[in-house]
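# Topology and contacts: notes
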Amino acid sequence: MNATKPANRAFVVAMLLLALLPAGLALYRYNAGALWRIVHRQCQPGYLRSGNPAPCRVLDPVQGYALLQDRKGGVHELLIPTRRITGIESRVLQKPETPNYFWLAWQARGVLSSVAARPVPDAAVAIAVNSQYGRSQNQLHLHLSCLRPDIRQQLALARSRWSTRWSRYGLLGHNYYLRTLTEAELAEQSLFVRVAKELPDRGQARGRYGIALAQLQDGRFVLLVLPRNLLGRGANLGSPAELQDDSCATAGTGSFPMSWYSRALRPRDRSAADDGERAAAPPAWSAEPLPTVTAGPTLRLAIGSGRSASPC
């Protein structure tokens, strides 16, 4: 009879967990909808009533987006569509009439200098969207912040190795797909569309990767794609926002000689910065180009010049 007591206790615990599961799922769904509620219930009504989109910094009804500071603070803004789009996996992002959100975020990059209270050069800006599995909110949002100093250094040192062909490159222990873009290419075609068409298997697994964008010091843009990987070395949830630094340590610095990195980087980062030759060399597998995939016709998106609301 005593042997049945542990089994009974286990049964009771299992029943309690099953009873609490619906409440837990409901709480998760509620928390995951926080960004949408802020934009839909606070920013939009406030803008329509008085032109003040608080707590959003900006609300552009023509382009269909809002800018909201990240809840953690720092030099970190979120560009959020004013229409309901769950995330990177949404089919809406593959439609030609959908706004080019990465281009809109790039156009809004001046807000970083305002928040940082010092100039943020273009080569220090990073825009990122996390994968379906690496995010906490079920409303599409683009992270607009600064590049980490060590990542900016790596991109600057290795920029001559990259072209418009996709290749692989290791950053922070994770394997990224990478290619360069011109400003015209960024403006003409949504990065969500480009990645789905050009990278093998990405079109069938849109929610399993994250996308990041930065600008090199030579003026080219670099497009980085981080696939979710749950196994082995380099395991990650597809969150390229890891490349960002919301303290914006590189703000106000237009170019970065090696001596700057030896002074500015944290001690654990200096081993890569002090050895310029070693830092410049990407991992052996990074030079391997990916199979060429023929992209479809370029989608030209009309970008208007809607009036933005005043900052909060």
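Notes on the structure follow.

Calculation notes
- Residues numbered from 1 in each chain as written.
- Predicted model: local features only at pLDDT ≥ 70, side-chain atom pairs only at ≥ 80, totals over all residues.
- Heavy atoms only, no water.
- Helix = DSSP H or I, 4+ residues; strand = E, 2+ residues; numbered from the N terminus.
- Buried < 20%, exposed > 50% of the residue type's maximum accessible area, 1.4 Å probe, protein only.
- Contact = heavy atoms within 4.5 Å.
- Areas by Shrake-Rupley, 256 points an atom, 1.4 Å probe, with all protein chains shown as cover.
- Salt bridge = Lys/Arg side-chain N within 4 Å of Asp/Glu carboxyl O.
- Polar contact = N/O pair within 3.5 Å; in protein donor to acceptor, adjacent residues only side chain to side chain.

## Topic: the overall build of the protein
- Secondary structure assignment for the protein yields ten helices and ten strands.
- Looking at the protein residue by residue over its 312 residues, the buried ones come to 49%.
- Restricting to contacts in the protein with at least 6 residues of sequence separation, those with at least 24 account for 66%.
- Accessible area of the protein: about 15400 Å², with a carbon and sulfur share of 54%.

## Describing the pattern of salt bridges
- In the structure shown here, the tally under the stated rule is eight salt bridges.
- A salt bridge links Asp122 to Arg109; the shortest N-O distance between them is 2.8 Å. Placement of the pair is Asp122 in the loop between helix H4 (110–116) and strand S4 (125–129) and Arg109 in the loop between helix H3 (101–107) and H4, with a sequence separation of 13 residues.
- Take Asp122: its relative accessible area is 29%, and that puts it in the partly exposed class.
- A salt bridge links Arg179 to Glu198, with the nearest nitrogen and oxygen atoms 2.9 Å apart. Taken together, the residues Arg179 in strand S7 (residues 174–181) and Glu198 in helix H7 (residues 191–198) connect sequence positions 19 residues apart.
- What makes Glu198 buried here is its relative accessible area of 8%.
- When salt bridges with common partners are traced through the structure, they connect Arg179, Glu185, Arg194 and Glu198 into a single cluster.

## A short note on the side chain of Glu89
- Turning to its location among the elements, Glu89 is positioned in the loop between strand S3 (77–81) and H3.
- When its relative accessible area of 18% is taken as the criterion, Glu89 is described as buried.
- Of note is the side chain of Glu89, whose polar atom sits 2.9 Å from the side chain of Arg135.
- Discounting residues that sit within four places of it in the chain, Glu89 has contacts with Gln132, Arg135, Arg206 and Gly207.

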